[in-house]
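Observations on the three-dimensional arrangement
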Amino acid sequence: MSPILEITNLFKSYGSTEILKDINVSIEPGDFLVLVGPSGCGKSTLLNCIAGLEPITGGSIRIGGKDMTEVSPKDRDIAMVFQSYALYPTMTVAKNITFGMKVRGVDQATQARKLAQVAAQLQIEPLLNRRPGQLSGGQRQRVAMGRALVRDPKLFLFDEPLSNLDAKLRVEMRTEIKALHHKLGASMVYVTHDQIEAMTLATKIVVMKGGVIQQIGSPSEIYNRPANLFVADFMGSPAMNLIPAKAHRAADGTRIEIARKSGDPIVLTDTNNRDLPEDVILGVRPEDIADPDLRGSEDTQAAECLIDIVEPAGADTFAVMQLGGKHVTARLHSETTARPGEQKRLSFDLGKVSYFAPETGLRLN
Amino acid sequence: MTDLSMSRPQGQSRTGKIILRWVLYLALGLFALFYLMPLFVMITTSLKSLEEIRTGDLIALPREVTFDAWRTAWSGACTGVQCEGVRPYFWNSVLIAIPGVAISTLLGAMNGYVVAQWQFRGANVIFSLMLFGCFIPFQVVLLPMARMLGIMGIAGTIPGLIFVHVIYGIGFTTLFFRNYYVSIPSELTKAAKVDGAGFFRIFWSIFLPLSLPIIVVTVIWQFTQIWNDFLFGVSFSQAGTQPVTVALNNIVNSTTGVKEYNVDMAAAIIAALPTLFVYVVAGKYFIRGLTAGSVKG
Amino acid sequence: MTKWLEENTPKLVLAPSFIAVLIFVYGFIAWTAWVSLTRSRLLPRYDIEGFIQYERLFASPRWDTALNNLFIFGILFIVIAMVLGLVLAILLDQNIRTEGAIRTIYLYPMALSMIVTGTAWKWILNPGLGVEAMVRGWGFESFTFDWLVNPEMAIYTIVLAAIWQSSGFVMALFLAGLRSVDGEIIKAAQVDGIPTWRIYTAIIIPSMAPIFLSAFIVLSHLAIKSFDLVIALTGGGPGYATDLPATYMYAMAFSRGDIGQAASSAMIMMMVVFAIVVPYLYSELRSKDD
C-alpha cells in the first residue's frame, strides 16, 4: 500500500524565521496521525501546509500518491475541522454542510442525499435549519464534523477541534471521533496540545518542538521509549520523573546511585543495561514506583524513601519525595500506607526505565 | 457599565441628594438649550416675514407663520446671477452623493476584505499609506487636482466631483471595513478555501452577508462627508454643477438686493435636512462612524 | 495562468486604490511641494528657486494674521471643547433617565455642514437684528455684542460656532470612555468608601488618557482644516481679521492667482497636521502589529 500522506524535507519560514525544519512524515491509509507539542511548536502551521492554506518554502507534500505541493486547498481532496469550527455565521446548518458541494456544482439531489446521510450519522437532523449562533459548543462541533464528513475526502484534517469544549464534553467527543475513525476507516491528521488526546486517539504520534520533529511512533513507543528528555517530560501526566543519577558497572549489571537529601544514596541494580556513561538521567514513570506488595516483576527492586507529600486523587494516590535533588512522584494504590514525613518502602520497576544523556538529552537505552 | 449613582456617601442627607439631582438636571437642560437654540432660531426665522424679522425679537415665535421664505429658498433665491433657489443644487448634491457613496463604499469593502483576510507581503504598508492619506489637509492637493481634472476632461463636472470624493474617501471606507473584517476569524476564510470557494465567492457568500452593520456605518459616514463638503465643491465646480453647500453660501453672501434672512434660514435648513434626517433615523450608526473615524483600532 | 490569477487576485483588487492613493495623495503632495519651491504665479512653473515662496509667506502680514488666528482659534477651540465635552459626559454618566434624548440633542450639530452652522450663527450674532438687537429690545439700550463685525473679536465667534458644532462629539467620545472603565475597579473603590468625585479624578479620568489623545488629535485636525466655517460666518473678515491658513491658501489659489503662495501655505498646513498626526498614527499602527 502506498502512503496516503507523504511529507518529505518540508521547510517553512516567514521571512528569516524558520517555522518548520526538515519535516518528514508519512502515514498509511486508515492511520490516525496526531501532531502534538506545546503552543508555538509549528504543529498547526504544518497542518495548514498539508491543507495548502500556507505556502511552503521547501520540500514536497504528496496526498494519495499525487504531488500536491503546488495545488490549491480545494483540489487536494481534503476536509478540515477548525478549532473555532469556522461555521459560516449567516448560513443555516444545512447550508454550511452543503456549501462546498454547491461551490463545486454538485447537483441538488446528490446534495440532499449526502446531507441527509451525514445528518443521520451525526444525529444533527433537528438542527439543520438553525444558524450557528443558535447552537451550543458541542452542536457546533458536530456541524463542523458534518461539513468535513460530507466531502468524503482522502484525508481529514483536524486543528485542535476539541479545545473550545468544556472538559466533560471534550472526553465524550474524543470517544466519538475515535468511533468515527473506526467506522469510516478514514485517514486523519489531528493537531492537539493535549497529550492525553494524542495518546487516546492516535495510531501514530508526531511530537514536535520548535518546528522540529522530536519523535515519531505509536502511542506506546512514545510513552514507553521516549526519544529524548523533551518527549519524556511532555508525554504523560503526571510527567515522567527525570532523576540525575550515577551509573557504575558491576558484575551482575549496572549499579544506579540516586542521591538523597539525607542518608545514603539509593542503589538499584539494572541487569538489562550495561553500557551506560557515568552521568545519566534516569526516567521513571510514576506508575513504575509502587507499593512493593502490589506490583512486582523480576526487575523490581525496593528502597526506603522519605515521603514529603501525599495527594489522594481518587483511583490513585500520588506520593511526592525528593530524590537526586528533584521532586519525584510515585503513583500508589489509593489505600496506601504512605504518610507524609514517614519512611516508606517503594519498589522501582527497572524493566521499564529510560536513560538519557544529561548533555544532549538523548535516550541511551 | 458603571453605576456611580449608587455610591453616594452614607452621610449625605436625602434632601441634599434630591437638590443635587435637580441641579444636575438643570445644568443638562441649560446645555440642551444652548445646542437647540440655533436650530430653533433658524426654524422660527424661516417662518417669519421679513417685516416681522425687522421689528420682532430674535427668539420670539412667529406671530404669523408663512412659508414664503421656504418657497423662495427652494426655487427663487439668487445664488449670484441665477435666481432658481437651491433646488437645482440640491439635486446636484444628490447626484454627487449617491454614486460617490456607492463607489467608495464598494471599494472600501473590497480593500478592507483584502487587507484583513488576504494578507500578502506589503499589504500592511499599503494600508498604512492609505490611512495616512485620510489625514492630509486637502489644501495640499487642491492645485494639482484642479489641473488633473482638466487633463481628464472632467473639470467643473459632476463626475469630476464624484471622482474627487471617491479618491479621498477610500482611505476611511477601507479603514472601516478593515477593522470590521479583522475581527472575523481567518479560519472562516480557510474553511471556505478548503470548501473550494475563491476570493470573490468567499466575499460574496460569507463576508458580504455579515457586513450590514458596517455598510450602514460607512454609507452614513460617506454620505455626511460628501453632502456637507464645501471645499471640493467650491474648488472644482462651475455655475451649473455646484453642490447645495456652495449654493447656500452664495445665497447667504450674495450682495445684490435686500438681505432676506428668512430665505437664508430656510435654505440652510433645506441644505441640512438630509444629514439631519440620517442622524435622527440612524443616530447609533452615525456615532459609531464618528468614533471609528477618530479612534483607530 | 488561472493559478497565477488565483494567487494574485487580492493584489489586483487592492491595486487600483493603491495606485490612486499614490498618485492623488502622495504624487500631488510632491507636486505641491515642488511648486512651492518655484516662482509660480498665475501658472505653475517648474524651475526650482529655493525657499522664496516661504520667505514671501512669512513676510506677509496677512499670513501672519492667519497663523496667529490659527493659534488662538486652535487653543481655545481644543481646550474648551475638551473641557465642555468632559463635563457633559460626566453629567450624563449619572444615570440620567432621558440620557438618549439629551445625547441626541448635544450631538446633532455634528451632522450639519459647517456652512449651515456658519449661516445660523452669522444670523444670531449679527448686531443689527441678532442677539444684540434682542437684548437692546429688552431695555438694555447700551448693550453691545458686535464680535462678528469687530476685527478684534471676530475670531472668537468662530471659536464659539466651532465649539457648538463639535463639543457634543467630544462628549460622545468621553462618554464611551467613561463606560469602558473596568467596573470591578470602580466597585472596589466604592467598597473602600471613596467618594464619587474622587473616583472620577483619581481612577476614571486618568484611565482615559488614550481618549484624551484621540479627542485632541481629532480636534486639532478639525482646527487646522477649518475653512467652511470661516467662509460662511465671516468670509475671513472684517478685512482679513479672521483669515486662517486654509482660507489664505484658498484665496491665493483661486482668487489672487498666486499659485506659489497657495502651494507654500498648503505645505505649511500639511507639516503642522503631520507633526501632530504622524506620531499618533505611527504608535497606533505599531501597537496593533504586536
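Criteria and cut-off values
- Residues numbered from 1 in each chain as written.
- Chains lettered and ligands numbered in written order.
- Predicted model: local features only at pLDDT ≥ 70, side-chain atom pairs only at ≥ 80, totals over all residues.
- Heavy atoms only, no water.
- Helix = DSSP H or I, 4+ residues; strand = E, 2+ residues; numbered from the N terminus.
- Rg over C-alpha atoms; globule rule 2.2 N^0.38 Å.
- Contact = heavy atoms within 4.5 Å.
- Areas by Shrake-Rupley, 256 points an atom, 1.4 Å probe, with all protein chains shown as cover.
- Lys, Arg positive; Asp, Glu negative; His and termini not counted.
- Charge placed at Lys NZ, Arg CZ, Asp CG, Glu CD.
- Buried area = accessible area lost by both parts, 1.4 Å probe.
- Salt bridge = Lys/Arg side-chain N within 4 Å of Asp/Glu carboxyl O.
- Polar contact = N/O pair within 3.5 Å; in protein donor to acceptor, adjacent residues only side chain to side chain.
- Nonpolar A, V, L, I, M, F, W, Y, C, P; charged D, E, K, R; others polar.
- Buried < 20%, exposed > 50% of the residue type's maximum accessible area, 1.4 Å probe, protein only.
- Phe/Tyr/Trp six-rings, centres within 6.5 Å; stacked < 30°, edge-to-face > 60°.
- Pairing = 2+ DSSP bridges.
- Axes fitted to C-alpha atoms, helices over the stretch in contact; angles between N-to-C directions.
- Domains from an automatic or database assignment.
- Parallel < 35°, antiparallel > 145°, perpendicular 65-115°, else oblique.
- Left-handed = near helix turned anticlockwise from the far one by under 90°.
- 1 Å grid on protein atoms, 1.4 Å probe; cavity = no way out; pocket = protein on both sides within 12 Å on 5 of 7 lines; lining within 4 Å.
- Points joined across faces, edges and corners; volume = space filled by probe spheres on them.

When helices and strands are tallied, chain C shows 13 helices and zero strands. In summary, chain C has a C-alpha radius of gyration of 24 Å against a globular reference of 19 Å for 290 residues, an excess of more than 25%. Projected onto its principal axes, the C-alpha positions of chain C cover 75 × 70 × 35 Å. Here the contacts in chain C between residues at least 6 apart in sequence split such that 68% fall between residues at least 24 apart. When the accessible surface of chain C is split by element, carbon and sulfur atoms take 66% of a total near 12300 Å². Taking the 18 positively charged and 21 negatively charged side chains of chain C as two groups, their mean positions are separated by 3 Å.

This brings us to the interface of chain B and chain A. On the side of chain A, 26 residues touch chain B, which itself brings 17 residues to the contact. Contact between chain B and chain A buries roughly 1800 Å² in total, counting both sides, with carbon and sulfur atoms accounting for 64%. Contact with chain A buries area across many residues of chain B, yet Glu187, Val194 and Asp195 of chain B alone supply 38% of it, more than any other trio. Run the count over chain B and chain A and you get zero salt bridges. Where chain B meets chain A, there are six residue pairs in polar contact (both at pLDDT 80 or more). Elements supplying a minimum of two residues to the side of chain B that touches chain A: helix H8 (186–194) and helix H9 (199–207) of chain B. Ranked by residue count, the leading element in the side of chain B that touches chain A is H8 of chain B, at seven residues. Of the residues contributing to the side of chain B that touches chain A, the split by class is nine nonpolar, two polar and six charged.

A few words now on the pattern of salt bridges. In total, this model carries 23 salt bridges over all chains according to the counting rule given. The partner of Asp279 of chain A in a salt bridge is Lys246 of chain A, with the nearest N and O atoms 2.7 Å apart. Here Asp279 of chain A, found in strand E14 (residues 279–284), pairs with Lys246 of chain A, found in strand E11 (residues 241–250); they are 33 residues apart in sequence, far enough to count as distant. A relative accessible area of 35% places Lys246 of chain A in the partly exposed class. Connected through salt bridges with shared partners, the residues Asp93, Glu99, Arg103 and Arg179 of chain C form a single ionic network.

Now for the interface of chain B and chain C. Counting residues at the interface gives 92 residues for chain B and 102 residues for chain C. In this assembly, chain B packs against chain C so that about 8900 Å² is buried in total across both faces, 76% of it on carbon and sulfur atoms. Applying the counting criterion to the chain B and chain C interface returns zero salt bridges. For the pair chain B and chain C, the number of links is 22 residue pairs in polar contact (both at pLDDT 80 or more). The leading source of residues in the side of chain B that touches chain C is helix H1 (residues 14–46) of chain B, at 16 residues.

We now examine the packing of aromatic side chains. Residue and element names in this part refer to chain B. A complete count under the given rule lists 47 aromatic pairs over all chains for this structure. Relative to Tyr181, the ring of Tyr113 has its centre 6.3 Å away and its plane inclined at 80°; by these criteria the two rings are edge-to-face. Linking Tyr113 in helix H4 (residues 87–117) with Tyr181 in helix H7 (residues 158–182), this pair joins segments that are 68 residues apart in sequence. For the residue pair Tyr113 and Tyr181, the accessibility class agrees, reading buried in each case. Both rings, one in Phe138 and one in Phe232, keep their centres 5.0 Å apart while their planes meet at 50°; by these two values the pair is tilted. With Phe138 in the loop between helix H5 (123–133) and helix H6 (139–152) and Phe232 in helix H11 (residues 231–236), this residue pair connects regions lying 94 residues apart in the sequence. Taken as a pair, Phe138 and Phe232 share a single burial class, namely buried. Aromatic ring contacts, followed pair by pair, group Tyr113, Trp118, Phe177, Tyr180, Tyr181, Phe199, Phe200, Phe203 and Phe207 into a single cluster.

Another aspect to go through is the environment of Asp47 of chain C. Residue and element names in this part refer to chain C. When you line up the elements, Asp47 lands in the loop between helix H1 (2–35) and helix H2 (52–59). Counting along the chain gives 12 residues from Asp47 to Val35, while the straight-line C-alpha distance between them is 8.5 Å. With near-sequence residues (within four places) excluded, Asp47 lies in contact with Leu37, Thr38 and Arg39.

Right, let's get into H9 of chain B. Among all positions in H9 of chain B, only Phe199, Ile202, Phe203, Ser205, Ile206 and Phe207 of chain B are buried. Residues of H9 of chain B that are buried sit in contact with helix H2 (93–103) of chain A, H4, H7 and H8 of chain B together with H1 of chain C.

Residues and elements named next belong to chain A. Read from one edge to the other, the open sheet built from six strands follows the order E6-E7-E8-E3-E9-E10, with strand pairing classed as mixed. Each having just a single partner strand, strand E6 (78–81) and strand E10 (212–217) make up the two edges of the open sheet. Here the average twist between neighbouring strands, direction ignored, is 15°. Where strand E3 (residues 32–36) meets strand E9 (residues 204–209), four bridges bridge the pair, whose relative direction is parallel. Residue pairing across strands places Val36 opposite Val207, the latter belonging to E9.

Time to look at the sheet that holds strand E5 (residues 66–67) of chain A. If you trace the four strands from one edge of the open sheet to the other, you get E2-E1-E4-E5 (chain A), paired in antiparallel fashion. Each end of this open sheet is capped by a strand with a single partner; those strands are strand E2 (17–27) and E5 of chain A.

A word on the pairing of E11 of chain A. Residues and elements named next belong to chain A. Relative to E14, E11 runs antiparallel, the two being bridged by six bridges. Directly across from Ile243, in E14, lies its bridge partner Leu282. With five bridges joining them, E11 and strand E12 (residues 253–258) adopt antiparallel strand pairing. Within the sheet, the bridge partner assigned to Ala247 lies in E12 and is Ile256. Linkage of E11 to E12, two consecutive antiparallel strands, is achieved through a turn of two residues.

So, on to the domain arrangement of chain A. Residues and elements named next belong to chain A. The domains assigned to chain A are domain 1 (5–234) and domain 2 (241–356). Domain 1 and domain 2 are separated by 39 Å when their C-alpha centres are compared. In total, domain 1 and domain 2 occlude about 630 Å² of area from one another, counting both sides; carbon and sulfur atoms represent 57% of this. Considering only the side of domain 1, the residues that lose the most area to domain 2 are Tyr223, Leu229 and Ala232, jointly responsible for 69% of the buried surface there. Counting the contacts that link domain 1 with domain 2 gives zero salt bridges. Applying the counting rule to domain 1 against domain 2 returns two residue pairs in polar contact (both at pLDDT 80 or more). Elements with a minimum of two residues in the side of domain 1 that touches domain 2: helix H7 (219–224) and helix H8 (229–234). Its residues assigned to classes, the side of domain 1 that touches domain 2 shows six nonpolar, two polar and one charged.

Among the secondary structure elements, Arg103 of chain C is positioned in helix H4 (residues 99–107). Between the C-alpha atom of Arg103 of chain C and that of Ala172 of chain C, which follows or precedes it by 69 residues, the distance is 7.8 Å. Apart from residues lying up to four places away in sequence, Arg103 of chain C is in contact with Tyr279 of chain B together with Leu92, Met171 and Leu175 of chain C.

Below, the discussion takes up the packing of H1 of chain B against helix H13 (residues 261–281) of chain B. All names here are of chain B. As a packed pair, H1 and H13 sit with axes 8 Å apart at the nearest point and diverge in direction by 125°. Between H1 and H13, the crossing angle belongs to the class labelled oblique. Like other packed secondary-structure pairs, H1 and H13 cross with a definite hand, here left-handed. On the side of H1, the interface is formed by Leu39, Met42, Ile43, Thr45 and Ser46, while H13 contributes Tyr261, Asn262, Met265, Ala266, Ala268, Ile269 and Leu276. Its residues assigned to classes, the contact of H1 with H13 comprises nine nonpolar, three polar and no charged.

With that out of the way, let us pick up the side chain of Arg178 of chain B. All names here are of chain B. Tracing the sequence through the fold places Arg178 in helix H7. Residue Arg178 is classed as buried on the basis of its relative accessible area, which comes to 10%. Among the polar contacts listed, one links the side chain of Arg178 to the side chain of Asn179, at a separation of 2.8 Å.

Once that is clear, we can look at empty space enclosed by the protein. All names here are of chain B. Scanning all chains against the criterion turns up five cavities of 30 Å³ or more. Reported here for the largest cavity is a volume of approximately 1000 Å³. Here the lining of the largest cavity takes seven residues from helix H10 (residues 212–228), the largest share from any one element. Among the residues forming the lining of the largest cavity, the class breakdown is 21 nonpolar, 14 polar and four charged.

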